[in-house]
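Observations on chain architecture
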Amino acid sequence: MPKTKTERVTISLCPPVDLGGEPGWIPFDAPSLVGESLRFVSGEPDGNRFRARYYRDAEQHLHARIWFGPETEGPPGHAHGGAVAAVMDEALGLAAWAAGYPIVVGNLNVSFRNMLPLQKVVTVESRVISAEGRKVMVHGRIFSGETVYAEAECLCITIPGK
Ligand SMILES: CCCCCCCCCCCCCCCC(=O)SCCNC(=O)CCNC(=O)[C@H](O)C(C)(C)COP(=O)(O)OP(=O)(O)OC[C@H]1O[C@@H](n2cnc3c(N)ncnc32)[C@H](O)[C@@H]1OP(=O)(O)O
């Protein structure tokens, strides 16, 4: 019977990054609102995929500081479009929850405006634009300084009984 060899894989973690917010932003505790299920984007705060921290401003709008790590790579040295969409899905869906709407995302339309370099901290800003019946529209963008990396329109649908 062949012997199995145990391979030891060493994963080196990228150094810590500064995900601090702007003056006046209050840290937002997403798990206390929606539970611990948001692991895809937010689940490994020290990992090499995404690092994310959420905040609310004085007007209660949700913001996020997001670091796209090497494991989000798509085009060489830049974030995969799906990684950008995943961040939009989570952040804009969460913005609706934070505004009091228990939703899932029904439709997400992402425009990729500029290639997003890996290992860069960027900001997501969001606005709940409208709420009619079960439909809640949230807009958002990912940017750093003057550069907009992506914009999104997110149609959220409230879940009955939540
Ligand atoms: C059990 C879960 C507990 C969760 C508790 C914790 C959650 C914690 C979340 C944390 C924050 C979120 C962050 C992650 C956000 C995601 O990633 S959610 C995951 C991705 N999304 C999904 O998997 C959703 C899958 N889709 C569905 O479940 C169902 O299609 C929906 C969206 C609930 C709608 O189904 P439905 O309840 O049967 O409602 P339906 O009658 O089809 O539609 C209602 C209305 O919305 C419109 N509509 C529905 N979908 C669309 C669409 N795609 N385009 C245009 N209009 C649409 C309909 O036309 C209809 O309009 P009216 O006729 O009323 O004018």
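Residues numbered from 1 in each chain as written. Predicted model: local features only at pLDDT ≥ 70, side-chain atom pairs only at ≥ 80, totals over all residues. Heavy atoms only, no water.

Topic: the site of the ligand
Taken together, 16 residues are adjacent to the ligand, and Asp 89, Val 105, Gly 106, Arg 134 and Lys 135 come closest. Within the contact set of the ligand, a nitrogen atom lies 2.9 Å away from a backbone nitrogen or oxygen of Val 105. Here an oxygen atom of the ligand and a side-chain polar atom of Arg 134 are 2.7 Å apart. Protein coverage of the free-state accessible area of the ligand, which is 1,300 Å², stands at 47%. Counting only elements with at least two residues in the shell around the ligand, the list comes to α3 (81-98), β4 (103-112) and β7 (147-158). (Near = heavy atom within 4 Å. Polar contact = N/O pair within 3.5 Å; in protein donor to acceptor, adjacent residues only side chain to side chain. Areas by Shrake-Rupley, 256 points an atom, 1.4 Å probe, with all protein chains shown as cover. Helix = DSSP H or I, 4+ residues; strand = E, 2+ residues; numbered from the N terminus.)

Observations concerning the nonpolar core
Soluble globular proteins tend to pack their nonpolar side chains together in the buried interior. Among the nonpolar cores identified, the biggest contains 36 residues, and Phe 50, Ile 66, Phe 68, Val 87, Leu 116, Val 138 and Ile 142 are the most heavily contacted of them. Elements that contribute at least two residues to this core include exactly β2 (50-56), β3 (62-68), α3, β4, β5 (121-132), β6 (135-144) and β7. Looking at this core, the element that brings in the most residues is α3, giving 11 residues. Those residues in contact with Leu 116 that sit more than four places away from it in its chain are Phe 68, Gly 77, His 78, Ala 79, Val 84, Val 122, Ile 142 and Tyr 149. (Core = buried A, V, L, I, M, F, W, Y, C linked by side-chain atoms within 4.5 Å. Buried < 20%, exposed > 50% of the residue type's maximum accessible area, 1.4 Å probe, protein only. Contact = heavy atoms within 4.5 Å.)

Regarding the confidence of the model for the protein chain
Detailed reading of predicted coordinates is not advised where the pLDDT is low. Per-residue confidence for the protein chain averages 94 on the pLDDT scale, and 95% of its residues sit at or above 70. Of the two predicted TM-score estimates for the complex, the pTM is 0.93 and the ipTM is 0.95. (pLDDT = per-residue confidence, 0-100.)

Topic: the sheet that holds strand β1 (residues 26-27)
Spatially, seven strands are ordered β1-β2-β3-β5-β6-β7-β4 in an open sheet, and the strand pairing comes out antiparallel. The outermost strands of the open sheet, each flanked by one partner alone, are β1 and β4. In terms of strand pairing, β5 meets β6 through nine bridges, oriented antiparallel. What sits directly across from Val 128, in β6, is Val 138. Where α3 meets the sheet, it contacts β2, β3, β4, β5, β6 and β7, and its direction lies at approximately 135° from that of β4. (Pairing = 2+ DSSP bridges. Axes fitted to C-alpha atoms, helices over the stretch in contact; angles between N-to-C directions.)

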